[in-house]
Amino acid sequence: MDDEYPFDNAAAPASDRMSALEASYDATTVQHLGNLGVGAGWSCWEIGAGGGSIARWLAERADHVLATDLDTRLLADLPANASAVRHDVREEPLPDRKFDLIHARLVLIHFPERDELVAKLADALAPGGWLVLEEIEPRGQTVLATPDEESAAVFGSVQGRILDLLEQAGSDVEWAGRLPEVLTGAGLREVGSARVTTRWPGGGPEIRLLAANSMELAEKLAADGVRPEELEQFRRVLADPRFTVSSYPLVSVWGRR
């Protein structure tokens, strides 16, 4: 087990990965955050802010937004009431303030000490503040339409190897389903959850996430025995409008201090 975050925001495919994540999940995220009443007077912390879309949405509504990531190069041009700070939530002290909202999407799933991090984040909430965590269930993805069985087989083979690599690096692809119990165990109340699955048609903005992942992990996949021609065929399948998969199911969980 590498015990390392498997992706690199400084790598060339990172912007594709971020835009695909935004296309896939931002609508769900902003619905849940909006339902909590984010507004004037709130101080928010966006962990793993990525390309900054959620940080910008929060900044339009809250008084202050702290956007943190291991690499902040994609967090340019934030509004004046938002700041981008390089921060490792695993290794560095938490910010010296309390927050009305802490949000992280597709971050903690990758870290073996994920349960302990939830407890730390719960302690960083102001009284009445909300912790919102959103994680995927990667093995819940299914093929919905395919031009032929070979396309489905290629997709299943390469995508399965990608998920194997993530697990070997320390990701827990089943953790999302346990999140309500984790937040309750951290002492939070009013815990709620929702699970959303959508369609990712071939060639669409959402399915580009899978292609970007295959590019970022290409060297590791090659070392694991995946041939270059298999990756090329995998990407051709993802670009084919006759091919459609379900999204990674997104589990959103919230709890209040």
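Note that the structure is predicted; figures quoted are calculated from it, not measured.

About the cut-offs
Residues numbered from 1 in each chain as written. Predicted model: local features only at pLDDT ≥ 70, side-chain atom pairs only at ≥ 80, totals over all residues. Heavy atoms only, no water. Salt bridge = Lys/Arg side-chain N within 4 Å of Asp/Glu carboxyl O. Helix = DSSP H or I, 4+ residues; strand = E, 2+ residues; numbered from the N terminus. Buried < 20%, exposed > 50% of the residue type's maximum accessible area, 1.4 Å probe, protein only. Pairing = 2+ DSSP bridges. Axes fitted to C-alpha atoms, helices over the stretch in contact; angles between N-to-C directions. Core = buried A, V, L, I, M, F, W, Y, C linked by side-chain atoms within 4.5 Å. Contact = heavy atoms within 4.5 Å. Polar contact = N/O pair within 3.5 Å; in protein donor to acceptor, adjacent residues only side chain to side chain. Parallel < 35°, antiparallel > 145°, perpendicular 65-115°, else oblique. Left-handed = near helix turned anticlockwise from the far one by under 90°. Nonpolar A, V, L, I, M, F, W, Y, C, P; charged D, E, K, R; others polar. Phe/Tyr/Trp six-rings, centres within 6.5 Å; stacked < 30°, edge-to-face > 60°. Lys NZ or Arg CZ within 6 Å of the ring centre and 35° of its normal.

(A) View of the pattern of salt bridges. Summed over the entire model, instances satisfying the criterion amount to 16 salt bridges. Residue R161 is joined to D224 by a salt bridge in which the shortest nitrogen-to-oxygen separation is 3.1 Å. Separated by 63 residues along the polypeptide, R161 in helix α4 (residues 149-168) and D224 in the loop between α7 (218-223) and α8 (228-239) bring together distant segments of the chain. Note on D224: relative accessible area 31%, which makes it partly exposed. One connected set of salt bridges, linked through shared partners, spans R114, D172 and R178.

(B) The arrangement of the sheet that holds strand β8 (residues 199-201) in detail. One open sheet holds the three strands; their spatial order is β6-β9-β8, and the pairing between them is antiparallel. Strand pairing shows two members of the sheet lacking a second neighbour, β6 (143-145) and β8, which therefore form its edges. Looking at each pair of strands side by side, their axes are set apart by 30 degrees on average, direction ignored.

(C) View of the nonpolar core. The biggest cluster of nonpolar side chains holds 55 residues, and the ones touching the most others in it are I102, L108, L131 and L210. Here the element with the most residues in this core is α4; it accounts for seven residues. Apart from residues lying up to four places away in sequence, L210 is in contact with Q141, F155, Q159, W200, F234, L238, V245 and Y248. If you look at the next biggest cluster of nonpolar residues, it comprises 21 residues, including A49, A55, A59 and W254.

(D) Up close: the sheet that holds strand β2 (residues 64-69). The mixed open sheet is built from seven strands, whose spatial order is β3-β2-β1-β4-β5-β10-β7. Where the open sheet ends on each side, the last strands, each with one partner, are β3 (82-86) and β7 (189-196). Between one strand and the next, the sheet's axes are offset by a mean angle of 15 degrees, whatever the strand orientation. As paired elements, β2 and β3 share five bridges and run parallel to each other.

(E) A look at the side chain of Q141. Tracing the backbone shows Q141 in the loop between β5 (125-136) and β6. Note on Q141: relative accessible area 12%, which makes it buried. Engagement of the side chain of Q141 in a polar contact is seen with the backbone oxygen of S246, the distance being 2.9 Å. Residues contacting Q141, with those up to four places away along its chain left out, are F155, Q159, W200, L210, V245, S246, S247, Y248 and P249.

(F) Broad picture of the packing of helix α1 (residues 14-35) against helix α6 (residues 208-216). For the pair α1 and α6, interaxial distance at closest approach is 8 Å and the crossing angle is 155 degrees. Relative to α6, the element α1 is oriented roughly antiparallel. Considering how the two elements wind past one another, α1 and α6 form a crossing that is left-handed. Counting all contacts with α1, which are made through A14, D16, R17, S19, A20 and L21, the residues of α6 involved are R208, L209, A212, N213 and E216. A breakdown of the residues in the contact of α1 with α6 according to their chemical character gives five nonpolar, two polar and four charged.

(G) Layout of unusual backbone geometry. Positive phi, normally seen in glycine, also occurs at L106, with a value near 60 degrees. Take L106: its relative accessible area is 14%, and that puts it in the buried class. Non-glycine residue E190 carries a positive phi angle of around 55 degrees. Structurally, E190 is set in strand β7.

(H) Quick look at the packing of aromatic side chains. This structure, assessed with the given rule, holds five aromatic pairs. Judged by centre distance (5.4 Å) and plane angle (35 degrees), the ring pair of W45 and F99 falls under tilted. Of this pair, W45 sits in strand β1 (residues 43-47) while F99 sits in strand β4 (residues 99-105), placing them 54 residues apart in sequence. Assigned by exposure class, W45 and F99 land together as buried. By the ring-pair criterion, three or more aromatic residues cluster together here, those being Y25, W200 and Y248. A cation sits over an aromatic face here: R114 above W175, 5.9 Å from the ring centre.

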